[in-house]
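# Overview (structure and organization)
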Amino acid sequence: MGIVDGKAVRNGCKIAAAAVSLFFLLAVLIFPLSWLFARGLSSSVDYSIWSDPFFWSVVRFTYWQAACSAFLSCVLGTTAAFLYSDHVFPARKLLWHLSLVCFSLPTIVVVLSFTGFFGRSGLMNSALAALGIDPFIQVYGWVGILGAHVFYNFPLFLKSVGSALEQMDRTEEMAALSLGASRLQCLMLITFPKIWPVLKSCFFLAFLLCSSSFLVVLILGASPKFTTLEVAIYEATKIEFDIPLAVRLALVQLVISGIVYFLFLRQSTLFVTLRPAGAPFIRIYHSSKKMQNSLLITGLLLVVGVLAGGPLIALVQSGVRGVFYLGREFLPTLTTTVLLASLVGVLATAIGISLAYCEKHVNRFGIGRWLAYLANIPLSVSTILLSVALMLAYPAVHLKLRGSLLAIAVVQSTIALPLAFRILHEGFCRIGDELYWAAASAGASPFQVLCDIELPLLKGPMFLSFLLAASFSIGEIGAVIMFLSEKISTVPLWIYRAMSQYRFEEAYGAAVVLFFFTLLMYVAAGFLERKLYGSRS
Amino acid sequence: MALVVNNLVLRRREGFTLNIHSLEVCPGEILGIVGKSGSGKSTLFHAVAGFLPVESGSIRLNDVILNDVPPEKRRIALVFQNGALFPHLTIYKNVEFSLRVQKFASEDREKKVTAWLERLGVADLAARYPSQISGGQAQRVALARALVTQFPVLLLDEPFSALDVPLQRELRTEVRKLVSESKVCAMMVTHQPQDVLAICDRIAILSDGQVKKSGSPEELRNDPLLQ
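Keep in mind the model is a prediction, meaning the values are calculated, not measured.

### Some remarks on the overall build of chain B
- Counting its secondary structure elements, chain B contains 7 helices and 10 strands.
- For chain B, whose C-alpha radius of gyration is 17 Å, the value lies close to the compact-globule estimate of 17 Å for 227 residues.
- Overall, chain B is about 45 × 40 × 30 Å in size when its C-alpha atoms are taken along their principal axes.
- Residues counted as buried form 56% of the 227 residues belonging to chain B.

Here you go:
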């Protein structure tokens, strides 16, 4: 290797990383969303469109169901987190993983599992009928939408609150109890204020996820009465071709999601002091009355068992039979899905590395920090919304890229970017300063440090980021539907089509394949996470 | 009103058993429990406070067996190494906490809290939050918070180890004076021999979960187990 000017290399590295990150974020995220926002504002000058009752009913339903879903998820997830952290009972680990696996399942699999368990001829109603009880559970409408959203989002609270509870120093709770506070007073006055920021940020995140829910509402809503903004945008763009309506709906979603995202970002102050290494874990919320403990645990087992276990059993039961109905034409679909997931994994990880590198090394004018803020914006944007924004901002490109894997991969990797960035940012933070000093004192240029120190040490986080981004892509359907063409079929879309044509055996078969793929990725990601960060459960 | 521990047995982790034959602390007295890391000091502390279940034996306060009494009803105040002040409450609210949860009248609360804050020399910090005060000040607040309860027992877990040497000396003297005046039964757990030698009336040396030796500071001053 020839002699390289150190300053040129240093600046070159930083400039390249900042340019790549900025170009991607501007081209794929900021410009299209700004364009959509501007078009929405200009079309809003026509006041008559704001008096459309359908428009308002959609807005009302979207945020009302999101608030209810987030609230119920919060109640169930937080209660479960307290029970998990302070009680030891048989199959505790299994139940913890069963709860968490719900969060990583593709939406189409959840919807199908729900219909298989809670549906008219599902396992639950069949069991009730066998007992002589009239089936009373109706999976379509409010119950189905709320149930599926809680199924999805309670693990978010369970994992975040559970981790906070297990890692926090509990001497303050011990002090409170010793000062005469009852368990309830201790919970309300000491523990809740400590985990309040975690609860709030989880609530806002769950609210964002539920307000942009697409497939759950499209299938389980099953009536115009249960239409969310996301579904309405899709219908206006792809079925009614009413672009002004789509733009107006998108504007409302952008504004409200933006506000909630801002509130989500503000939840950064955490009152939690971490438990010192080696200090014993004291179970504060463990009742000394055995009966009370047993009742609480039985309640938890029942709720998680029915909500999470039941649908998964129904899926596997119908799916294993259904696999034999899958014809040869399913294989290319599976190959396309895996290819797309790999592409998304690589793209999200590459952009994530570039952003995390800027956050760590580019400090001038706060560029790194601003890029990090921008990288998290996709948390408040859905694939449908981003697809519409891209279509409107680049109409010519859209026509060319319609049905191309690249367009879908770009949208999906943008939405998966906050996840990839978080993992890689944590990876960069874990590289000790002394390694940089040692490398610099040995005469290594920043480019050599990147290649010889940083990237090899980031192998684990890069693979984790790849896995999680790919796992998101494997079940995603919004971008696929928006860039739909005859040429492309992914497994979720294949299942959706099979369901629409009442080919349920095949749908279950394909869903079980998707479920096992996701499960495999969940296990691999969990293994990797434990290896990288130690046990968190 | 003495605190008495008799034939206490508690299995904590693989291969470790706490086995205390007999310990007693009288009002106005400080019993120092000293031992190396892993000797069972913290386990004894948690058991007396009520956070770990006792397998056999008894913990009594004035002939009342505390074994099945939950921590919130034991009337045993705790002071931790880091103070364990409630970070979201001001210093005033921290000290007022126990009186508030026990539903004392507000005038009564104000009188008591102000008196204790003044006594410990932290009255001017009342409006601040724990993150805005020093380690020494936090320990004084933790002491005020524990003593305002007027509970008969005070447990201190390494109360001086996070402080610098001059501050340690100052606070030791203060604790000694406060315990004598308030007539509480105080038990102090520490790994620093100088703490127990300076202020304790009696010392118990713990090793492998058992009391290996006990006596007055004068008797144990030159004991190799204490070095």
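Past the structure itself, the notes keep going.
### Considerations on the overall build of chain A
- In terms of helices and strands, chain A carries 23 helices and 0 strands.
- Compactness check: chain A gives a C-alpha radius of gyration of 24 Å against a globular reference of 24 Å for 537 residues, within 12% of the reference.
- Overall, the C-alpha framework of chain A stretches about 85 × 65 × 55 Å when taken along its three principal axes.
- For chain A, the proportion of its 537 residues judged to be buried stands at 55%.

### Some points on the state of the cysteines
- If you walk through the whole model with that rule in mind, you get 0 disulfides over all chains.
- Between Cys210(A), a free cysteine, and Cys68(A), which holds the nearest cysteine sulfur, the sulfur-to-sulfur gap is 10 Å.
- Cys185(B) provides the cysteine sulfur closest to Cys200(B), a residue in no disulfide bond, and the two sulfurs are 14 Å apart.
- Under the relative-accessibility criterion, Cys200(B) is labelled buried at 6%.

### What about unusual backbone geometry?
All names here are of chain B.
- Non-glycine residue Ala84 carries a positive phi angle of around 50°.
- In this structure, Lys183 takes a positive phi of about 60° despite not being glycine.
- Within the secondary structure, Lys183 sits in the loop between helix 5 (165–182) and strand 8 (185–190).

### A closer look at the domain arrangement of chain A
Residue and element names in this part refer to chain A.
- Taken domain by domain, chain A consists of domain 1 (1–39 + 330–537) and domain 2 (51–321).
- Taken over C-alpha atoms, the centre of domain 1 sits 25 Å from the centre of domain 2.
- In this complex, domain 1 contributes 40 residues to the contact, which on the side of domain 2 involves 47 residues.
- Summing the contributions of domain 1 and of domain 2, the shared interface buries around 3,900 Å²; its carbon and sulfur component is 75%.
- Across the domain 1-domain 2 interface, the total number found is 1 salt bridge.
- The tally of links from domain 1 across to domain 2 stands at 8 residue pairs in polar contact (both at pLDDT 80 or more).

### Re the environment of Lys225(A)
Residues and elements named next belong to chain A.
- Its location among the elements puts Lys225 in the loop between helix 9 (215–221) and helix 10 (229–239).
- Taking relative accessible area as the criterion, Lys225 reaches 64% and is therefore assigned exposed.
- Taking the C-alpha atoms as reference points, Lys225 and Ile351, 126 residues apart in sequence, are found 40 Å from one another.

### Re the sheet that holds strand 10 (residues 210–215) of chain B
Residues and elements named next belong to chain B.
- The 6 strands lie next to each other as 6-7-8-3-9-10, forming an open sheet whose pairing is mixed. The open sheet terminates on both sides in strands that have one partner only, identified here as strand 6 (76–79) and strand 10. Averaged over neighbouring strand pairs, the angle between their axes works out to 20° when direction is ignored.
- Across 5 bridges, the pairing between strand 7 (residues 153–157) and strand 8 is parallel. Bridging across to strand 8, Leu156 finds its partner in Met188.
- Contacts from helix 4 (residues 135–147) reach strand 6 and strand 7 within the one sheet, and its direction differs from that of strand 6 by about 175°.
- Most of the contacts of helix 5 go to strand 3 (residues 30–35), to which it runs at about 135°, and overall it touches strand 3, strand 7 and strand 8.

### Observations concerning the interface of chain B and chain A
- Residue-level contacts link 26 residues of chain B with 21 residues of chain A.
- Together, the buried faces of chain B and chain A total about 2,100 Å²; carbon and sulfur atoms form 69% of this surface.
- If you sort the residues of chain B by the area they bury against chain A, Phe51(B), Glu72(B) and His88(B) come out on top, with a joint share of 29%.
- Among the salt bridges present, the one from Arg183(A) reaches Glu72(B), with a minimum N-O distance of 3.2 Å.
- Taken together, the links from chain B to chain A amount to 5 residue pairs in polar contact (both at pLDDT 80 or more).
- For the side of chain B that touches chain A, the secondary structure elements donating two or more residues are strand 6, helix 2 (91–101) and helix 4 of chain B.

### Quick notes on the packing of aromatic side chains
Residues and elements named next belong to chain A.
- The full count for this structure, using the stated rule, is 24 aromatic pairs over all chains.
- Between the aromatic rings of Tyr63 and Phe207, the centroid separation amounts to 5.9 Å while the plane-to-plane angle is 25°, which identifies the pairing as stacked. Of this pair, Tyr63 sits in helix 2 (residues 53–86) while Phe207 sits in helix 8 (residues 183–211); the two residues are 144 residues apart in sequence, bridging distant segments of the chain. Each member of the pair, Tyr63 as well as Phe207, carries the same accessibility label: buried.
- Between Phe463 and Phe466, the ring centres sit 6.4 Å apart and the planes meet at 10°, which makes this aromatic pair stacked.

### Thoughts on the pairing of strand 8 of chain B
Residues and elements named next belong to chain B.
- Most of strand 8 is tucked away: 6 of the 6 residues are buried.
- Residues Cys185, Met187 and Val189 of strand 8 are buried on one face, and the alternating residues Ala186, Met188 and Thr190, pointing to the opposite face, are buried as well.
- You can see the chain leave strand 7, run along helix 5 and come back into strand 8, and the turn it takes is right-handed.

### A closer look at the pairing of strand 10 of chain B
Residues and elements named next belong to chain B.
- Pairing of strand 9 (residues 202–207) with strand 10, which is carried by 5 bridges, proceeds in the antiparallel orientation. Paired with Ala204 across the two strands is Ser214, which belongs to strand 10.
- Hairpin connection, strand 9 to strand 10: the antiparallel pair is bridged by 2 residues, and Asp208 has positive phi, about 50°.

### Let's talk about the packing of helix 3 (residues 92–104) of chain A against helix 12 (residues 290–322) of chain A
Residue and element names in this part refer to chain A.
- Across the interface, helix 3 lies against helix 12 with an axial gap of 10 Å and an inter-helix angle of 50°. Compared by their axis directions, helix 3 and helix 12 come out oblique. Every pair of crossing elements has a handedness; the one defined by helix 3 and helix 12 is left-handed. Contact residues: Leu95, Leu98, Ser99, Val101 and Cys102 in helix 3; Leu300, Leu301, Val304, Ala308, Gly309 and Leu312 in helix 12.
- Here the residues of the contact of helix 3 with helix 12 sort into 9 nonpolar, 2 polar and no charged.

The rules behind the values
Residues numbered from 1 in each chain as written. Chains lettered and ligands numbered in written order. Predicted model: local features only at pLDDT ≥ 70, side-chain atom pairs only at ≥ 80, totals over all residues. Heavy atoms only, no water. Helix = DSSP H or I, 4+ residues; strand = E, 2+ residues; numbered from the N terminus. Rg over C-alpha atoms; globule rule 2.2 N^0.38 Å. Buried < 20%, exposed > 50% of the residue type's maximum accessible area, 1.4 Å probe, protein only. Disulfide = S-S within 2.5 Å. Domains from an automatic or database assignment. Contact = heavy atoms within 4.5 Å. Buried area = accessible area lost by both parts, 1.4 Å probe. Salt bridge = Lys/Arg side-chain N within 4 Å of Asp/Glu carboxyl O. Polar contact = N/O pair within 3.5 Å; in protein donor to acceptor, adjacent residues only side chain to side chain. Pairing = 2+ DSSP bridges. Axes fitted to C-alpha atoms, helices over the stretch in contact; angles between N-to-C directions. Phe/Tyr/Trp six-rings, centres within 6.5 Å; stacked < 30°, edge-to-face > 60°. Right-handed = clockwise from strand over helix to strand, strands pointing away. Parallel < 35°, antiparallel > 145°, perpendicular 65-115°, else oblique. Left-handed = near helix turned anticlockwise from the far one by under 90°. Nonpolar A, V, L, I, M, F, W, Y, C, P; charged D, E, K, R; others polar.

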